[in-house]
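Chain by chain, the residues run as shown.
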Amino acid sequence: MNMNMTKQQIINQLIPHLQPAKLQAKGEADVNIALSKYWGKRQTELNLPTNSSLSIGLPGLGTKTQLTLIEAEHNQAWLNNQLLAPDNPFSQRLDNYLAPFQPSGLKFKLQTQNTVPTAAGLASSASGYAALALALNDLFDWQLDPASLSILARMGSGSASRSIYQGFALWHKGEREDGMDSVAQGLSHTWPGFSIGLVKIDVNQKPIGSTAGMQQTVKHCELYQAWPAQAERQVKLIQQAIEQRDFTRLGETAEHNALSMHATMMATWPPILYWQAESVSAMQKIWQLRQQGIEVYFTMDAGPNLKLLFLAENKKAIETAFENITIIQPFG
Ligand code: DP6
């Protein structure tokens, strides 16, 4: 097998044809928060990860996408009702993603509505590329199964593979060069009362995106060597915790996983630090609450905002401690 498969080769294997079935299609997906993170790629073109990851979807927060075939000179990307310039990095990334699917003589008009602020530390690329993969599947009527859809979404953004599902999702890192086993799977377990609190510290554009941040870490961080094995172990622990509804194990493992990922970022050169002073204050508040017997943990992604993990019984205490927190209970 070719050592470095291209996106085009994978698409040839994955999809049955390139004949559009209609002129307009839709896709919709939720954002997801990784409880055990994806950080590092073993292959960049296909977004093949160095480690597996496990997430929870946030119902109602995500992306709605409409894809229309139009006669035009260029693809058009609309984000929240605004037409983006063709040289906008967001449009260029989309152009690049859509290139293998372009029907001859027609262009794509992509209208995307995000219900989360772009670059707010809530991974909108995850819901964005999952919604786009679903819209493509609808436009061409490929009738792909969820695992194949997760591959399609993953080639846009790794974390998008998990946003094909609702609830808990596990993205297997896979071993194959072509990534056909690097698929996400939905976990059937539910957890009534399981709560996620979004603590916004700063919603402005972050200094370095996750794609570049993880590349830099993989290349220039000696501590990173320890990460893949740790992450793999923690995915298993969290999966068990979900199966057994062991909240302490889940929370401790998720927080430890997030801090370990951030430790690899800080130990790269030049350093990457997404935290702000207020992020650290929020962490300290969480640790104090735990000392007072309120079981709350946090996770953080490539940004300064915190995502709190707790059970419904502590909702009031959390609302009192964190003003303006947004709380989501994925399973009611
Ligand atoms: C810290 O999926 O945004 O949120 O594959 O380059 O698009 P690309 O990266 P992306 O990285 C997400 C990193 C993370 C952890 C996670 O969601 O697992």
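Just above, that's the structure.
Residue numbers restart at each chain and count upward from 1, following the sequence in its written direction. Only residues with pLDDT of at least 70 get local features here, since the model is predicted, and only at 80 or more are side-chain atom pairs given and counted; chain-wide, interface and lining totals rely on the full set of residues. Side-chain calculation: all heavy atoms of the structure are included, whereas hydrogens and water are not.

Enquirer: For the overall build of the protein chain, give the residues involved together with the corresponding values.
Expert: Scanning the protein chain from N- to C-terminus turns up nine helices and 13 strands. Throughout, radius of gyration means the C-alpha value; the globule benchmark is 2.2 Å times the number of residues raised to the power 0.38. In summary, the protein chain has a C-alpha radius of gyration of 20 Å against a globular reference of 20 Å for 332 residues, a match within 12%. Seen through its C-alpha atoms, the protein chain measures out along the principal axes to roughly 65 × 40 × 40 Å. Note on exposure labels: buried denotes an accessible area under 20% of the residue type's maximum, exposed denotes more than 50%, and partly exposed covers the range between, all computed with a 1.4 Å probe on protein chains only. Out of the 332 residues belonging to the protein chain, those deemed buried represent 54%. Surface exposure here means Shrake-Rupley accessible area, sampled with a 1.4 Å probe, where a residue is shielded only by the protein chains that are shown. On the protein chain, roughly 14600 Å² of surface is accessible, and the fraction owed to carbon and sulfur atoms is 50%. Seen as two clouds, the 26 positive and the 27 negative side-chain charges of the protein chain have centres 1 Å apart. Under the scheme used here, helices are H or I runs from DSSP no shorter than 4 residues and strands are E runs no shorter than 2 residues, and both carry numbers assigned from the N terminus. Neither His nor the chain termini are counted; the positive set is Lys and Arg, and the negative set is Asp and Glu. Charge placement uses NZ in Lys and CZ in Arg. For Asp and Glu, CG and CD serve respectively.

Enquirer: Explain the pattern of salt bridges to me, and be specific about the residues and the numbers.
Expert: Between Lys or Arg on one side and Asp or Glu on the other, a salt bridge is scored when a side-chain nitrogen of the former is within 4 Å of a carboxyl oxygen of the latter. Per the counting criterion, the structure on display carries seven salt bridges. In this structure, K22 engages D138 in a salt bridge whose closest nitrogen and oxygen atoms are separated by 2.7 Å. Pair noted here: K22 is in the loop between helix 1 (7-14) and strand 1 (24-36) and D138 is in helix 3 (residues 124-140), with a separation of 116 residues, a long-range link. Taking relative accessible area as the criterion, D138 reaches 26% and is therefore assigned partly exposed. Linking K173 and E175 is a salt bridge whose minimum nitrogen-to-oxygen distance equals 3.1 Å. Residue E175 is classed as exposed on the basis of its relative accessible area, which comes to 62%. The network of salt bridges with common partners includes K37, D301 and K307.

Enquirer: Describe the pairing of strand 5 (residues 76-79), and please don't skip the residues or the numbers.
Expert: Where burial is concerned, the two faces of strand 5 differ: the one with A77 and L79 is buried and the one with Q76 and W78 is not. One bridge is not enough; two strands pair if DSSP finds at least two bridges between them. In this structure, strand 5 lies alongside strand 6 (residues 82-83), joined through two bridges in antiparallel fashion. Counted as the bridge partner of L79 is Q82 from strand 6. In this structure, the hairpin formed by strand 5 and strand 6 is closed by a connection of two residues, where N80 is found at a positive phi of approximately 50°.

Enquirer: Please give an account of helix 6 (residues 227-244) that cites residues and values.
Expert: Between its first and last C-alpha, helix 6 extends 25 Å over 18 residues, near the 26 Å set by a 1.5 Å rise per residue. Along helix 6, the residues classified as buried are W227, Q230, A231, E232, Q234, V235, I238, A241 and I242. To estimate the expected span of a helix, count its residues, drop one, and scale the result by 1.5 Å.

Enquirer: Explain the nonpolar core to me, using residue names and the numbers behind them.
Expert: Among buried residues, those of type Ala, Val, Leu, Ile, Met, Phe, Trp, Tyr and Cys that are joined through side-chain atoms within 4.5 Å constitute a nonpolar core. Ranked by size, the top nonpolar core spans 57 residues in total, and within it Y97, F101, L136, L152 and M155 carry the most contacts. For this core, the element with the highest residue contribution is helix 3, accounting for 10 residues. These domain boundaries are the output of an automatic or database domain assignment. A domain split of this core shows at least three residues from each of domain 1 (7-186) and domain 2 (194-328). Non-local contacts of Y97, meaning those with residues more than four positions away in its chain, are made with K7, Y129, L132, A133, L136, L152, A153, M155 and G156. V116, I238, F247 and L311 belong to the second-largest nonpolar core, a separate cluster that totals 26 residues. It only takes one pair of heavy atoms within 4.5 Å for two residues to be counted as in contact.

Enquirer: Please give an account of the packing of aromatic side chains that cites residues and values.
Expert: We call Phe, Tyr and Trp rings a pair once their centres come within 6.5 Å, taking the six-membered ring for Trp, and we label the pair stacked below 30 degrees between planes, edge-to-face above 60, and tilted otherwise. The final tally for this structure, using the stated rule, is 12 aromatic pairs. The interplanar angle of 35° and the centroid separation of 5.3 Å between the aromatic rings of F168 and F331 together place this pair among those described as tilted. Of this pair, F168 sits in strand 8 (residues 168-171) while F331 sits in the segment after strand 13 (326-328); the two residues are 163 residues apart in sequence, bridging distant segments of the chain. Residue classification places F331 among the partly exposed positions, given a relative accessible area of 21%. Ring pairing ties together the aromatic residues F168, W191, F194, F247, Y297 and F331, which thus form one cluster. Geometrically, a lysine NZ or arginine CZ counts as sitting over a ring once it is within 6 Å of the ring centre and also within 35 degrees of the ring normal. Lying over the aromatic face of F322, K285 brings its terminal NZ or CZ to 4.7 Å of the ring centre.

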